[in-house]
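# Close look at the chain arrangement
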Amino acid sequence: AKLGKDLLLQSAHPLGILWVAVQEYFREQDAACKFIDTEMPIVGTKECFDDLRVPPEHPSRSPSDTYYVNEGTVLRTHTSAHQCKYMRQYPEVRSFLCAGDVYRRDEIDASHYPCFHQCEGVRLFDRSEMTPEEVMEDLKRTLEGLAAHLFNLTPGEETMRWLDEYFPFTEPSLELEIFYNGDWMEVLGCGVIHHDVLRNAGLDPEKVHGWAFGLGLERLAMVLFGIPDIRLFWSEDPRFSSQFDAAAFKNKVVFKPFSKYPPVMKDVSMWLPETFSDNDFCEIIRDEGGDQVEKVELQDAFTHPKTGRSSKMFRVVWRDMSRTLTNEEVNAKHELVL
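Report on the accompanying structure. Computed from a predicted model, the values in this text were never measured in an experiment. (Residues numbered from 1 in each chain as written. Predicted model: local features only at pLDDT ≥ 70, side-chain atom pairs only at ≥ 80, totals over all residues. Heavy atoms only, no water.)

### Side note on the state of the cysteines
Disulfides are covalent bonds that link the sulfur atoms of two cysteine residues. Applying the stated rule across the entire model yields 0 disulfides. Unpaired in this structure, Cys 119 has its nearest cysteine sulfur neighbour in Cys 98, at a distance of 8.1 Å. (Disulfide = S-S within 2.5 Å.)

Pasting the structure below:
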């Protein structure tokens, strides 16, 4: 139901506004940077996983985490699925940003949703023109500048810090955090592109190297615009949409919450089959409740000491963002889940 919504292409939508702000920064840094935001989200497992060194046993490849169309085709789990395609265009394309909707089976709460948006960026260099140390310096300088542009900060030890991380497609890998609203917050993950990924794109790592980064647009937009619930990005309620226009980033618009309707809470207890995954249960809840489900929380877990059988009890919080739900209608949907 979310395919083809193209929220990124809507100039007055918070995600579209943020995407434009990111493009503005990179256009100033590199006039030749290519911007991509219309790639279809249905991709092969080779592009989504194999080309990026994600091993077959990695949890992200599990059907409990990824939406499979068939054995060899998925809804992309990250926009990095298009990285090798555009790196193959080097040297005609030396830098690009690719943004779009991505899909992952996940928990249910105010900051997680099965469809969200990412921005992936790549910059490539001829090894004869840039040393590995200079590539890393360029990565840090450019991405610190992006964080400063988005959050109106001055780069420095008091406002930004780099942490070592691990990603299969970069080596070394880093995470950038900023100090914002009184706490440290992750902004993006990045690193020097792994030699194997370069080879998978038809490039010779002895001649070409570069860096890549990725960030989640919803998470940053929630902070920048003060949006408390990720479901709101998909809302067609004019009380939400009318608060934003193309100048919202420049004018530092902050979302003004409208009435919050009362929740209806229902508990579910069950003995667990051997292959049970919390994400699978959340998917069943989403199928019946859609965006009326605000949160699913684990309340209790038990393992029988003699039989070894396990059970869990979840609390499902139902709350519509535009009206009050009745116990009767929630009970009807809850019975379908049971």
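### Section: empty space enclosed by the protein
By the definition in use, this model includes 1 cavity of 30 Å³ or more. Taken as a whole, the largest cavity spans an internal volume of roughly 30 Å³. If you go around the largest cavity, the residues you meet are Phe 26, Cys 33, Ser 95, Phe 96, Leu 97, Val 122, Arg 123 and Trp 211. Looking at the lining of the largest cavity, the elements with two or more residues in it are strand 5 (95-103) and strand 6 (115-126). A per-element tally of the lining of the largest cavity places strand 5 first, with 3 residues. (1 Å grid on protein atoms, 1.4 Å probe; cavity = no way out; pocket = protein on both sides within 12 Å on 5 of 7 lines; lining within 4 Å. Points joined across faces, edges and corners; volume = space filled by probe spheres on them. Helix = DSSP H or I, 4+ residues; strand = E, 2+ residues; numbered from the N terminus.)

### With respect to the packing of aromatic side chains
Within this structure, the stated rule accounts for 16 aromatic pairs. Ring centres 6.3 Å apart and planes at 45 degrees place the aromatic pair Trp 211 and Phe 213 in the tilted group. Accessibility assignment for this pair places Trp 211 and Phe 213 in one class, buried. Each ring, one from Phe 225 and one from Phe 244, has its centre 5.6 Å from the other, and the planes form 80 degrees; the classification is edge-to-face. (Phe/Tyr/Trp six-rings, centres within 6.5 Å; stacked < 30°, edge-to-face > 60°. Buried < 20%, exposed > 50% of the residue type's maximum accessible area, 1.4 Å probe, protein only.)

### A look at the sheet that holds strand 11 (residues 264-271)
Either a parallel or an antiparallel arrangement is found when strands of a sheet pair, and the pairing is made through backbone hydrogen bonds. Taken together, 3 strands build an open sheet; the order of strands is 11-13-12 and the sheet is antiparallel. Strands at the two margins of the open sheet, each flanked by one partner only, are strand 11 and strand 12 (293-303). For this sheet the average axis-to-axis angle between neighbouring strands, irrespective of direction, equals 20 degrees. Bridge count between strand 11 and strand 13 (residues 310-318): 8 bridges; the pairing is antiparallel. Bridging from a neighbouring strand, Val 268 pairs with Phe 314 of strand 13. (Pairing = 2+ DSSP bridges. Axes fitted to C-alpha atoms, helices over the stretch in contact; angles between N-to-C directions.)

### Some details on the packing of helix 1 (residues 14-29) against helix 4 (residues 132-151)
Each pair of packed helices gets described by two things: the angle between the helix axes and the distance between those axes. Between helix 1 and helix 4, whose axes approach to 10 Å, the crossing angle comes to 135 degrees. When the interaxial angle is binned, helix 1 and helix 4 end up oblique. Pair helix 1 / helix 4 crosses with right-handed handedness. For the pair formed by helix 1 and helix 4, the contact residues are Leu 18, Ala 21, Val 22, Tyr 25 and Phe 26 on the first element and Arg 141, Thr 142, Leu 143, Gly 145, Leu 146, His 149 and Leu 150 on the second. (Parallel < 35°, antiparallel > 145°, perpendicular 65-115°, else oblique. Left-handed = near helix turned anticlockwise from the far one by under 90°. Contact = heavy atoms within 4.5 Å.)

### Re the nonpolar core
Within the largest apolar cluster, 63 residues are counted, with the highest numbers of intra-cluster contacts made by Phe 26, Leu 143, Leu 146 and Phe 213. Broken down by element, the residue count for this core peaks at 9 residues, all from helix 4. If sequence neighbours within four positions are ignored, Phe 26 has contacts with Cys 33, Phe 35, Leu 97, Arg 123, Thr 142, Leu 143, Leu 146, Trp 211 and Phe 213. Listed in part, the 25 residues of the second largest apolar core include Phe 49, Val 93, Val 122 and Val 208. (Core = buried A, V, L, I, M, F, W, Y, C linked by side-chain atoms within 4.5 Å.)

### Digging into the layout of surface pockets
Approximately 1,100 Å³ is the volume found for the largest pocket. What lines the largest pocket is a set of 43 residues, and nearest its centre among them are Thr 77, Arg 104, Phe 116, Gln 118 and Glu 186. Secondary-structure elements contributing two or more residues to the lining of the largest pocket are strand 6, strand 7 (160-167), strand 8 (170-180), strand 9 (183-193), strand 10 (208-216) and helix 6 (217-225). The residue makeup of the lining of the largest pocket, split by class, is 17 nonpolar, 16 polar and 10 charged. Looking at the second largest pocket, it is lined by 24 residues, and the ones nearest its centre are Leu 232, Trp 234, Ser 235, Glu 236 and Asp 237. Here the residues of the lining of the second largest pocket are counted per class, giving 10 nonpolar, 6 polar and 8 charged. (Nonpolar A, V, L, I, M, F, W, Y, C, P; charged D, E, K, R; others polar.)

### Some thoughts on a nonpolar patch on the surface
A cluster of nonpolar residues, Met 40, Ile 42 and Val 69, forms a patch on the protein surface that exposes about 300 Å² of accessible area. With respect to the secondary-structure elements, Met 40 resides in the loop between strand 1 (34-36) and strand 2 (42-44). Among the residues examined, Met 40 registers a relative accessible area of 57% and is labelled exposed. (Patch = residues over 30% accessible without salt bridge, like charges linked within 9 Å, V, L, I, M, F, W, Y side chains within 5 Å. Areas by Shrake-Rupley, 256 points an atom, 1.4 Å probe, with all protein chains shown as cover. Salt bridge = Lys/Arg side-chain N within 4 Å of Asp/Glu carboxyl O.)

### Digging into the environment of Ala 221
Turning to its location among the elements, Ala 221 is positioned in helix 6. As a C-alpha pair, Ala 221 and Arg 315 span 94 residues in sequence and 28 Å in three-dimensional space. Filtering out sequence-adjacent residues up to four positions away, Ala 221 remains in contact with Leu 15, Leu 18, Gly 226, Ile 227 and Phe 233.

### A short note on helix 6
An α-helical turn contains 3.6 residues, so any two residues separated by three or four positions project in the same direction. The element helix 6 is extensively covered by neighbouring structure, given that 7 of its 9 residues are classed as buried. Inspection of helix 6 places Leu 217, Glu 218, Leu 220, Ala 221, Met 222, Leu 224 and Phe 225 among the buried residues, and these make up the whole buried set. In the core, the buried residues of helix 6 are packed alongside helix 1, strand 6, helix 4, strand 9 and strand 10. Of the residues one or two after helix 6, Gly 226 is the one with positive phi, at around 65 degrees.

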